[in-house]
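Listed below are the residues making up each chain.
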Amino acid sequence: MGIEYTGNLLQDYKADLEEGYHLAIMPISRVEVEWFPRNYPAGITFYPVEFVNLNELGIVPNRSTSSSLAEAVSAASGVDQGILDRHPLVVFPCTFDWFAFCRDGFRGHLEFIRTLSDYVDRTCLNFIRYCQCSLELIDSLPGRAGMVNSNPMMAGALLYNHMLREGRIIGGDAFTHRITKGLGLPIESIDQSRFPKKGEVGFIANHALALYTALLEAENPTLRFIQALSLLEFLAYPDEYKKFQNVKRIIARYIAQDQSEYKQLLNRFFELTGKKDEVTGQILGYRTRVIHMGRRVEDLL
C-alpha cells in the first residue's frame, strides 16, 4: 500500500527521518501541481502550493545583519518561508554532513543548491520532461528545482535536520539562466516502473535524458541541431567516439522498417552531415557548414 501524503513532512517522511536522513525542500518555478502530491522515485514528491505545513520544521530565519556572509547572502536573496509557501515544493530525503553545511560559505551553498537541483533532474525531472514536453512546443518546459517565480535571479532550498528539529534556508543566484517562454508544466503522475533503473543501462538512459533536456532547452535551432546530433552519437555509441558514418547506420537500423527506408535514412543523414556536390565539390552537409563553417541552421533553411 502506498503512502498517503498529507503535507505533514514529519509524517510523510517518518521512515526516512527515523533512519537519519535529512530533508531537502525546494521551490520550483514553471510547474503546476494540481489537487494532490505527485510521488516519483527515491522519495521525491512534488507538492501543490500551500499543501505543505512548514511551521513544524523549526525554520531559523536568516538575518541580514548576521556576521556570517553566507547567512546575510541568503537573507538578501529574499528566499524565505513566505516564498516557499507560495510555490509548489519538491521534497526528498538526502544525506550530508549537517555541521559542514552550516559552516560552509555562500558559494558552497549556491553549489549545494545546484547539486540538489541536478539530483532532482537526473532522478525524475528529466524523464518527466521527456514524457510530458515536446520539441514542437517548448512553452510547457518546467523550471529547475530551487528556482522561484517571483525573482528570476534567485533560487533556494530549505534543509531540515530532524535530530536537531531545525530547518535552514539557503538562497542566492545559483543559476546562470532560465526558461521564460510559456507558462510551464502542469505535472502529471507517472508509473514509477517506467523510470530508468540503477545500473549501467540506467546510467546510459539517464545521461541520454540529460542530453535530451539540453536539446529541449536550447535557445535556437542551430544549438538544437548540434545537440540533437550529439544525442544520436551518444545513443549509438555510449562508450566511445565514432564517426557519424558509423552512427547513422546504427540509428537507421533501429528506426527503419525495411531496406528501402533504411537507405532513405542513410541518405538523409548524409545530407545533414557531410554531403558534397559531386561536380563542384561544394560542401552541402548541414553539420559541416554549421560546425566548421560557422553557418546558422536558420539561414541554411
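Below or above, wherever it landed, is the structure these notes cover. What you see is a predicted model, and the numbers here were worked out from it, not measured in a lab.

## Looking at unusual backbone geometry
Thought 1: Within the chain, Trp35 stands out as a residue other than glycine whose phi angle is a positive 70°.
Thought 2: Unusually for a residue other than glycine, Glu50 sits at a positive phi of about 65°.
Thought 3: When you line up the elements, Glu50 lands in the loop between strand E4 (45-47) and strand E5 (59-60).

## Remarks on the packing of aromatic side chains
Thought 1: If you walk through the whole model with that rule in mind, you get 15 aromatic pairs.
Thought 2: Both rings, one in Phe96 and one in Phe101, keep their centres 5.6 Å apart while their planes meet at 75°; by these two values the pair is edge-to-face. Comparing Phe96 with Phe101, the two get one shared label, buried.
Thought 3: Pairwise contacts between aromatic rings join Tyr40, Phe46, Phe127, Tyr130, Phe195 and Tyr212 into one cluster.
Thought 4: A cation sits over an aromatic face here: Arg38 above Phe36, 4.0 Å from the ring centre.
Thought 5: Sitting over the ring of Tyr237, Lys242 keeps its end group 5.8 Å from the ring centre.

## As for helix H3 (residues 69-77)
Thought 1: Turning to H3, its buried residues number three or more, namely Ala70, Glu71, Ala72, Ser74 and Ser77.
Thought 2: Where H3 ends, the next residue or the one after it, Gly78, has phi of about 80°, a positive value.

## Notes on the pairing of strand E1 (residues 22-27)
Thought 1: Of all six residues that make up E1, six are buried, and the element is covered over most of its length.
Thought 2: What you see with E1 is no split at all: His22, Ala24 and Met26 on one side and Leu23, Ile25 and Pro27 on the other are buried throughout.
Thought 3: Pairing geometry for E1 and strand E6 (residues 89-94), over six bridges, is antiparallel. Counterpart to Ile25 in the pairing with E6 is Val91.
Thought 4: The pairing of E1 with strand E7 (residues 155-161) spans three bridges and is classified as antiparallel. Pairing of Leu23 across the sheet is with Tyr160, part of E7.

## A look at the environment of Gly199
Thought 1: Relative to the assigned elements, Gly199 resides in the loop between strand E9 (185-186) and helix H7 (200-217).
Thought 2: A sequence separation of 90 residues divides Gly199 from His109, and the C-alpha atoms of the two residues are 30 Å apart.

Conventions adopted
- Residues numbered from 1 in each chain as written.
- Predicted model: local features only at pLDDT ≥ 70, side-chain atom pairs only at ≥ 80, totals over all residues.
- Heavy atoms only, no water.
- Helix = DSSP H or I, 4+ residues; strand = E, 2+ residues; numbered from the N terminus.
- Phe/Tyr/Trp six-rings, centres within 6.5 Å; stacked < 30°, edge-to-face > 60°.
- Buried < 20%, exposed > 50% of the residue type's maximum accessible area, 1.4 Å probe, protein only.
- Lys NZ or Arg CZ within 6 Å of the ring centre and 35° of its normal.
- Pairing = 2+ DSSP bridges.

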